[in-house]
Amino acid sequence: MNKLIIIFLLILTALSSVNAQYPDGKEILLKIDQNLSSENRIFISSMIIHGRRSSQTVKMKTWTAGEKKSFTEYLFPVREQGTKMLKLDDQLWIYSPDADRIIQIAGHMLRQSVMGSDLSYEDLMEDSRLTDRYNAKVTGTEIVDGRTCWVVDLKAFVPEIAYQGMKIWVDQDRNIPLREEMYAKSGTLLKRTELSNVELINRRWYPKRILFKDMLKEGMGTELIVEEIQFNVPIADYIFSKASLKK
């Protein structure tokens, strides 16, 4: 047999052996969903917006039910107290106590920044499982924050979605992304996140700090700190109603 053919076959065998060591991408997404998704949850968080000259902190309490319902009330600062947001399916309403008005955010407005932060309204609304939006392929391994991670490429199979592509670095032991990159359909890098302060809560690993960076704007990014969180607790149905916005 020709030596070149033998070398070629050996290379193919080596590559096949390496690929066989990688887990299935969908299995990894399922494990991430098991950690991050829940029937419902209630949490208190602080959003720290790092501007070019100063930072501001917004404290919020949020109730979520599945992937379709979410209600948020701003607790701090004083000037924002009473501001509320309601998500039902793909619709979003905001109540401003100063204007005493309920405004619907729709269309291109969903891509706007929330209070000058690195998060858009689309980011706040998106809470569906990764397996419901993306196909995944493991492409390698890397070390992030001292932990061995799978590098996973995600391609959306849902047309109406903020990020058509993602690249995530998933902690192999805890099945939590420690870094994420979000891409437009054109391949432009739009957002980057770093997830840390991972804790075991109710038998699930959960990141209590996320740093968001909008790659198309200046600034030091926006931190989301989860201060308290409860999973799968009873939530009254009336919470997720437009009437609750003015209560």
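Just so we're clear, the structure is a prediction, and the values are computed from it rather than from any experiment.

Calculation criteria
Residues numbered from 1 in each chain as written. Predicted model: local features only at pLDDT ≥ 70, side-chain atom pairs only at ≥ 80, totals over all residues. Heavy atoms only, no water. Buried < 20%, exposed > 50% of the residue type's maximum accessible area, 1.4 Å probe, protein only. Helix = DSSP H or I, 4+ residues; strand = E, 2+ residues; numbered from the N terminus. Pairing = 2+ DSSP bridges. Core = buried A, V, L, I, M, F, W, Y, C linked by side-chain atoms within 4.5 Å. Contact = heavy atoms within 4.5 Å. 1 Å grid on protein atoms, 1.4 Å probe; cavity = no way out; pocket = protein on both sides within 12 Å on 5 of 7 lines; lining within 4 Å. Points joined across faces, edges and corners; volume = space filled by probe spheres on them. Nonpolar A, V, L, I, M, F, W, Y, C, P; charged D, E, K, R; others polar.

1. What about the pairing of strand 4 (residues 84-88)?
Here is step 1 of the chain: Of all five residues in strand 4, four are buried, a share of seventy percent or more.
Here is step 2 of the chain: In this sheet, strand 4 lies alongside strand 3 (residues 69-76) in antiparallel orientation, the contact comprising five bridges. Bridge pairing in strand 4 places S70 opposite K87.
Here is step 3 of the chain: Where strand 4 folds back onto strand 5 (residues 91-96) in an antiparallel hairpin, the turn is made up of two residues, including D89, whose phi is positive at roughly 55°.

2. Remarks on the nonpolar core
Here is step 1 of the chain: Residues M47, L92 and Y121 are the most contacted members of the largest nonpolar core, which totals 18 residues.
Here is step 2 of the chain: With residues near it in sequence (within four places) discarded, Y121 still touches M85, L92, I94, I105, M109, L110, Q112, S113 and V114.
Here is step 3 of the chain: Counting 17 residues, the second-largest nonpolar core is a separate cluster that includes L29, Y163, I168 and L190.

3. Things to note about empty space enclosed by the protein
Here is step 1 of the chain: Evaluated as defined, the whole model comprises one cavity of 30 Å³ or more.
Here is step 2 of the chain: In this structure, the largest cavity spans a volume of roughly 1100 Å³.
Here is step 3 of the chain: Residue composition of the lining of the largest cavity, by class: 27 nonpolar, nine polar and 14 charged.

4. Focus on the layout of surface pockets
Here is step 1 of the chain: By volume, the largest pocket amounts to about 880 Å³.
Here is step 2 of the chain: Forming the boundary of the largest pocket are 34 residues, of which E122, E126, E160, I161 and A162 lie nearest the centre.
Here is step 3 of the chain: Going through the elements one at a time, helix 3 (121-125) and strand 11 (189-201) are the ones with two or more residues in the lining of the largest pocket.
Here is step 4 of the chain: Across the lining of the largest pocket, the residue classes break down as ten nonpolar, seven polar and 17 charged.
Here is step 5 of the chain: Here the second largest pocket defines a volume of roughly 170 Å³.
Here is step 6 of the chain: Lining the second largest pocket we find Y74, R79, E80, T83, I94, Y95, S96, P97, D98, V114, M115 and Y121.
Here is step 7 of the chain: Sort the elements by how many residues they give to the lining of the second largest pocket and strand 5 lands first, with three residues.
Here is step 8 of the chain: Across the lining of the second largest pocket, the residue classes tally to seven nonpolar, two polar and three charged.

5. Side note on unusual backbone geometry
Here is step 1 of the chain: Residues F76 and P77 are joined by a peptide bond in cis, for which omega reads 5°.
Here is step 2 of the chain: Positive phi, close to 55°, is recorded for D100, a residue that is not glycine.
Here is step 3 of the chain: Secondary-structure assignment places D100 in the loop between strand 5 and strand 6 (101-105).
Here is step 4 of the chain: The class of D100 is partly exposed, set by a relative accessible area of 43%.
Here is step 5 of the chain: Unusually for a residue other than glycine, N202 sits at a positive phi of about 50°.
Here is step 6 of the chain: Residue placement: N202 occurs in the loop between strand 11 and strand 12 (204-214).

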